[in-house]
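Secondary and tertiary structure notes
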Amino acid sequence: MRMTRDEFMQRPYELLSESGQVPSEWVAEAWTQTSLRDDVVYELARSVSKTGSFDLAGDVWLQVLPPALPPEAVIALYVAIRDESERLEFEWRPAFATAFVRDEASLPPPRDEEILVGAMSEMIESGYAAGFEGALFGVLELPNGLSLLRSARKRAEELGRTVLISLLEEQIRRASGRI
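Described below are features of the structure shown in this document. Given the structure is predicted, the values throughout are model-derived calculations rather than measurements.

Points about unusual backbone geometry
- In this structure, Glu86 is a non-glycine residue whose phi angle is positive, near 55 degrees.
- With respect to the secondary-structure elements, Glu86 resides in the loop between helix H6 (71-85) and helix H7 (89-99).
- Since its relative accessible area comes to 70%, Glu86 is described here as exposed.

Here it is, written out as structure tokens:
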């Protein structure tokens, strides 16, 4: 059974979820409907929030949306997922960039370093050690993570944060391959 454009426009989310087999022009037109956009953003952000990936949302959205969405809609989708999921971008950005390869260069720069280094710095300044190791693991995922830990160790030494210094040194040794 073939569906018409009008049939699709009445239930785009449901029909895309089921098959994903509709013309890109229809998807682009349906995307202008707030309800479809909100439902898809919710599903993608929920998946990222729970798993750090798009696995729970299924493959359909990362297949039907890239050819249909204009660059400004892709950026808005990215920002909505980032803000609603509250997960670090290094967990899911590569999959998003792979799906939306045409728009990858237009994506906003990741905020992971700002968030992780900010949290680590606040812990060092306050001397608060709860969750510090988790912050260090996150910092090590950054491209310049090891140098960031070394800088943080210097600040912890200046403040005499002995517990934090030992945690930093352990992670620096591990990252340097010395353990």
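Let's talk about the environment of Pro67
- Residue placement: Pro67 occurs in helix H5 (residues 60-68).
- Placed 42 residues apart in sequence, Pro67 and Glu25 show a C-alpha to C-alpha distance of 8.9 Å.
- Residues within four places of Pro67 in sequence aside, it is in contact with Ser24 and Arg102.

Description of helix H8 (residues 112-126)
- Over its 15 residues, H8 extends 21 Å from the first C-alpha to the last, a length consistent with the 21 Å expected when each residue adds 1.5 Å.
- Where H8 is concerned, the buried positions are Asp112, Leu116, Val117, Met120, Met123 and Ile124. Down the axis of H8, the smallest arc covering the buried residues is 125 degrees, so these residues share one side. With respect to the buried face of H8, the exposed residues turned more than 90 degrees away are Glu114, Glu122 and Ser126.
- Tucked into the core, H8 has its buried residues touching H7, helix H9 (132-140), helix H10 (145-159) and helix H11 (162-175).

A look at H5
- Summarising burial for H5: 7 of the 9 residues are buried, a large majority.
- When H5 is considered as a whole, its buried residues turn out to be Val60, Trp61, Leu62, Val64, Leu65, Pro66 and Ala68.
- Packing partners of the buried residues in H5 comprise helix H2 (12-18), helix H3 (24-31), helix H4 (34-51), H6 and H7.

The rules we used
- Residues numbered from 1 in each chain as written.
- Predicted model: local features only at pLDDT ≥ 70, side-chain atom pairs only at ≥ 80, totals over all residues.
- Heavy atoms only, no water.
- Helix = DSSP H or I, 4+ residues; strand = E, 2+ residues; numbered from the N terminus.
- Buried < 20%, exposed > 50% of the residue type's maximum accessible area, 1.4 Å probe, protein only.
- Contact = heavy atoms within 4.5 Å.
- Expected span 1.5 Å × (residues − 1).
- Arc of directions from axis to C-beta.

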